[in-house]
Amino acid sequence: MSETASCIREFQLGLGMMLVVKERSVLSISGLGSCVGLALRDIVSGIGGLAHIVLPDSREDKDAFAWPGKYADTAVTSLVKRMVSVGAEALYLRAKLVGGANVLLSGGFDGSRNATRVRAELAAMPIKIVAEDTGSNLSRTMKFDTGNGKIIVKRFQQH
């Protein structure tokens, strides 16, 4: 039986959200500015996950444990644990990063701090980054097809 596009479920993730799926799905994030979309996929089982990371670290937030997807220092570990709990193998995980831009031109948060922290957390595990579209001053939207690992990125100039 072939899988048609109409059978594939789609999920939109908001700020600080994470989602892990075992069946082929499209996971998306709209409006990635300084935030980072971290897509992980087990290249053997096809299990995929996506996190919408807002800030680099949780040290200032005493309630960070309740929202681990919000921070780079907690999101990477939490996403990996969730994927492994449903059958993924950490050895086979590959990462793709989108976002981490400096979209607020006058004194705003520099999203490169988010991307740098996500890279450091992945390196510590170690999980290989196989693709990245980060930096600049462009806002982005991403769609991650967990079935084949492909990501479609649309970039938008800030006005």
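Coordinates for the structure precede this section.
Residues numbered from 1 in each chain as written. Predicted model: local features only at pLDDT ≥ 70, side-chain atom pairs only at ≥ 80, totals over all residues. Heavy atoms only, no water.

**Re the overall build of the chain**
As a reminder of what qualifies: Helix numbering and strand numbering both begin at the N terminus, where a helix is a DSSP run of H or I of at least 4 residues and a strand a DSSP run of E of at least 2. Partly exposed residues are those whose accessible area sits between 20% and 50% of the maximum for their type, while under 20% is buried and over 50% is exposed, using a 1.4 Å probe and protein chains only. Accessibility throughout is a Shrake-Rupley quantity obtained with a 1.4 Å probe, and a residue counts as covered only by protein chains that appear here.
Along the backbone of the chain there are two helices and nine strands. The helix and strand sequence of the chain, counted from the amino end, reads β-β-β-β-β-α-β-α-β-β-β. The 159 residues of the chain split such that 46% are buried. Summing over all exposed atoms, the chain offers an accessible surface of approximately 8,300 Å²; the carbon and sulfur share of this is 55%.

**Points about the side chain of Glu121**
Note the threshold: Any two residues having at least one pair of non-hydrogen atoms within 4.5 Å are treated as being in contact.
As for its placement among the helices and strands, Glu121 is situated in helix H2 (residues 112-124). In this structure, Glu121 is in contact with Ala72, Asp73 and Val76, ignoring residues within four places of it in sequence.

**Things to note about the pattern of salt bridges**
The cut-off we apply is this: One side-chain nitrogen of Lys or Arg within 4 Å of one carboxyl oxygen of Asp or Glu is enough to make a salt bridge.
Considering all chains together, one arrives at eight salt bridges under this definition. Residue Lys143 is joined to Glu10 by a salt bridge in which the shortest nitrogen-to-oxygen separation is 3.6 Å. Of the two residues, Lys143 is situated in strand E8 (residues 138-145) and Glu10 in strand E1 (residues 9-12); the sequence distance between them amounts to 133 residues. Here Glu121 ties to Arg117 by a salt bridge, and the two come within 2.9 Å at their closest N and O atoms. Here the residue Glu121 and the residue Arg117 both occupy positions in helix H2, the gap between them amounting to four residues, near one helical turn. On the basis of relative accessibility, which here comes to 16%, the residue Glu121 falls in the buried class.

**Observations concerning the packing of helix H1 (residues 72-85) against H2**
In a pair of packed helices, the angle between the axes and the distance between the axes together describe the arrangement. The following threshold applies: Think of each axis as a best-fit line through the C-alpha atoms, taken over the contacting stretch in the case of a helix, with angles from 0 to 180 degrees between the N-to-C directions. For this classification, under 35 degrees means roughly parallel, over 145 means roughly antiparallel, 65 to 115 means roughly perpendicular, and everything else is oblique. Crossings are classed by handedness, with left-handed meaning an anticlockwise turn of the near helix from the far one by less than a right angle and right-handed meaning a clockwise turn.
Two numbers describe how H1 lies on H2: the axes approach to 9 Å, and their chain directions differ by 40°. Of the possible angle classes, the one that applies to H1 and H2 is oblique. Crossing of H1 over H2 shows right-handed handedness. The segment H1 lies against H2, with Ala72, Asp73 and Val76 engaging Asn114, Arg117, Val118, Glu121 and Leu122.

**Quick word on the side chain of Asn114**
Put simply, the rule is: We define a polar contact as two N or O atoms separated by no more than 3.5 Å, with the added condition that, inside protein, one atom must be a possible hydrogen donor and the other a possible acceptor, whereas residues neighbouring each other in sequence contribute only through side-chain atom pairs.
With respect to the helices and strands, Asn114 occurs in helix H2. Polar side-chain contacts of Asn114 include one of 3.0 Å to the backbone oxygen of Val54.

**Quick word on the nonpolar core**
Operational definition: We call a set of buried Ala, Val, Leu, Ile, Met, Phe, Trp, Tyr and Cys residues a nonpolar core when their side-chain atoms join them within 4.5 Å.
Core analysis: the largest hydrophobic core is formed by 21 residues, its most contacted members being Leu38, Leu40, Ile53, Val118 and Leu122. For this core, the element with the highest residue contribution is H1, accounting for six residues. In contact with Leu122, not counting residues within four places along its chain, are Leu38, Leu40, Val76, Ala95, Leu97, Ile127 and Ile129. In terms of nonpolar packing, the next biggest core, distinct from the first, is built from twelve residues, Leu32, Cys35, Ala39 and Val54 among them.

**Describing the sheet that holds E1**
The criterion, for reference: Note: two strands are recorded as paired if DSSP finds a minimum of 2 bridges between them.
With mixed pairing, the four strands of this open sheet are ordered in space as E1-E3-E8-E9. Here the strands that pair on one side only, and so sit at the sheet edges, are E1 and strand E9 (151-157). Averaged over all pairs of adjacent strands, the angle between their axes in this sheet comes to 15°, without regard to strand direction. Pairing between strand E3 (residues 25-32) and E8: five bridges, direction antiparallel. The partner of Val26 across the bridge, within E8, is Asp145.

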